[in-house]
Amino acid sequence: MSGHSTYEPVRDGVDFPEHLEEAVEIWDEISEWWDDKIGDGNTAQDHLIEPTQERLLALERGTRVLDIACGAGRFTRRMADRGAKITAIDHSSVFIERARQRSKGYEDQITFSIANAADAEALKALPGAPFDAAVCTMGIMDMAVITPLAETLPRLLKSGGRFVFSVLHPVFNSDGTRNTLEREFTAEGVEERFAVWVPDYLRTRAYRGIGIQGQTRPHWYFHRPIGELLRVFLNQGFTLTALEEPRFPFEAFSEAKSPLSSVFWREFPLVMVVRLDLPR
């Protein structure tokens, strides 16, 4: 059996403090471009992320929500439209300014603040606590440090509070994964098979990548296996009450340009959505 010289030592923990400052700086640089591209939504937001998060959050009129890594506030406004009261934070001052511009008329329901989820003291100082629920939309895989958030959330939520988050599915989305379409010509006709080539799934690691084609500068991603990602929250007293892998409906790709996008992501989950609950 041959060795592999490129493997890094097994990492102790899920945090990457050495990348924290640069991660913030990159998002301040690319946030306006990013918001211009998908601030009004995309297929994944419309069909996978937002409907699943909204259902798992079980929002009612007056529900108090902490929105972590809110970006320009698209899901924040969706929650407000359903009667929630939201304190929304992001580490990017540019994203928060965009969120305020996009959220005129929501001032009675949404409070936007610049705060890094890695800063426990900043989290404890937020207005609106204790919250009924917290949410983080497609942000944790971009966060260099998540342990302070996991440790602080139980203090910010009411007894029985819930935390819902979405991430790129850690199994099928990381550096090095390859999506393939194979065709086999048989006596019965042509058979198509879709597959994912997944390297180094269990190795927690940081890597640079892009989230949207044409992105002007790669940002940091932080790959954490599902067990490691959940454990950091379960160790703080949360219970896993839902884990969903939503599938694109057929109509989502009725005009797709690529067979891999039109069929592949109906066979494999693009995102994972989780609900964690505190005991009552």
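What you see is a predicted model, and the numbers here were worked out from it, not measured in a lab.

Draft legend 1. Quick peek at the packing of aromatic side chains. Summed over all chains, the structure comprises 10 aromatic pairs. With a centroid separation of 5.5 Å and an interplanar angle of 55°, the aromatic rings of Phe 172 and Phe 268 are classed as tilted. Within this pair, whereas Phe 172 is found in the loop between β5 (157–168) and β6 (178–186), its partner Phe 268 is found in the loop between α8 (259–267) and β11 (271–277), the two being separated by 96 residues in sequence. For the pair Phe 172 and Phe 268, a shared accessibility class is recorded, and that class is buried. The ring of Trp 197 is capped by Arg 178, whose NZ or CZ atom sits 4.5 Å from the centre of that ring.

Draft legend 2. Fine view of the environment of Glu 22. Its location among the elements puts Glu 22 in helix α1 (residues 20–38). By relative accessible area, Glu 22 is classed as partly exposed at 25%. Residues contacting Glu 22, with those up to four places away along its chain left out, are Arg 208, Arg 217 and Trp 220.

Draft legend 3. Quick look at the sheet that holds strand β3 (residues 110–114). The strand order across the open sheet formed by seven strands is β3-β2-β1-β4-β5-β11-β10, and the pairing between neighbours is mixed. Where the open sheet ends on each side, the last strands, each with one partner, are β3 and β10 (239–244). Looking at each pair of strands side by side, their axes are set apart by 15° on average, direction ignored. Relative to β11, β5 runs antiparallel, the two sharing seven bridges. Note that in β11 the partner of Ser 166 across the bridge is Val 273. Taken strand by strand, helix α4 (residues 93–102) contacts β2 (85–90) and β3, and its axis lies near 160° from that of β3.

Draft legend 4. Highlighting the nonpolar core. Membership of the largest hydrophobic core comes to 69 residues, with the highest contact counts inside it found for Ile 68, Met 79, Ile 140, Leu 153, Phe 163, Phe 165 and Phe 233. Filtering out sequence-adjacent residues up to four positions away, Ile 140 remains in contact with Ile 146, Phe 163, Phe 165, Val 167, Arg 224, Leu 229 and Phe 233. Counting residues in each nonpolar core, the second largest holds 14 residues, with Ile 30, Ala 118, Val 145 and Trp 220 among its members.

Draft legend 5. Here's a closer look at the side chain of Thr 152. Residue placement: Thr 152 occurs in helix α6 (residues 147–156). For Thr 152, a relative accessible area of 2% translates into the label buried. Setting aside residues no more than four positions away along its own chain, Thr 152 makes contact with Ala 120, Leu 123 and Lys 124.

Draft legend 6. Representation of unusual backbone geometry. With omega at 0°, the peptide bond leading from Ala 129 into Pro 130 counts as cis. Assignment of secondary structure puts Pro 130 in the loop between α5 (120–124) and β4 (131–137). In the Ramachandran plot, Met 138 falls in the positive-phi region, its phi being about 50° despite a non-glycine side chain.

Draft legend 7. Highlighting empty space enclosed by the protein. In the structure shown here, the tally under the stated rule is one cavity of 30 Å³ or more. Approximately 130 Å³ is the volume found for the largest cavity. In this structure, the largest cavity is lined by Ile 140, Met 141, Val 167, Leu 168, Pro 170, Asn 173, Tyr 207, Tyr 221, Phe 222, His 223, Arg 224 and Leu 229. Residue assignment for the lining of the largest cavity shows that the elements contributing at least two residues are β5 and β9 (219–223). With three residues, β9 is the single largest residue contributor to the lining of the largest cavity. Per-class residue counts for the lining of the largest cavity are nine nonpolar, two polar and one charged.

Basis of the calculations
Going along each chain's sequence as written, the residues are numbered from 1 onward. In view of the model being predicted, local features appear only for residues whose pLDDT reaches at least 70, and side-chain atom pairs are presented and counted only at 80 or more, with totals across whole chains, interfaces and linings using the full set of residues. With hydrogens and water stripped out, all remaining heavy atoms of the structure feed into the side-chain values. Two aromatic rings from Phe, Tyr or Trp, using only the six-membered ring of Trp, form a pair when their centres are within 6.5 Å; if the ring planes differ by under 30 degrees the pair is stacked, by over 60 it is edge-to-face, and anything between is tilted. Here a helix means four or more residues in a row that DSSP labels H or I, a strand means two or more in a row labelled E, and each is numbered from the N terminus. Type-normalised accessible area, obtained with a 1.4 Å probe on protein chains alone, sets the label of each residue: buried when under 20%, exposed when over 50%, and partly exposed for intermediate values. To sit over a ring, a charge needs its Lys NZ or Arg CZ within 6 Å of the ring centre and within 35 degrees of the ring normal. Contacts are assigned to residue pairs that have any heavy atoms within 4.5 Å of one another. Should DSSP find at least two bridges between two strands, the strands are regarded as paired. A fitted line through C-alpha atoms serves as each axis, taken over the contacting stretch for helices, and the angle formed by two N-to-C directions is quoted from 0 to 180°. Nine residue types can take part in a nonpolar core, namely buried Ala, Val, Leu, Ile, Met, Phe, Trp, Tyr and Cys, and a core is a set of them joined through side-chain atoms within 4.5 Å. The pocket and cavity definitions rest on a 1 Å grid over protein atoms only: a 1.4 Å probe that fits but cannot leave marks a cavity, an open set with protein on both sides within 12 Å along at least five of seven lines marks a pocket, and residues lining either have an atom within 4 Å of a point. Grid points are joined across faces, edges and corners, and a volume is the space filled by probe spheres set on the points. Throughout this entry, Asp, Glu, Lys and Arg are counted as charged residues, while Ala, Val, Leu, Ile, Met, Phe, Trp, Tyr, Cys and Pro are counted as nonpolar. The remaining residues, Gly among them, count as polar.

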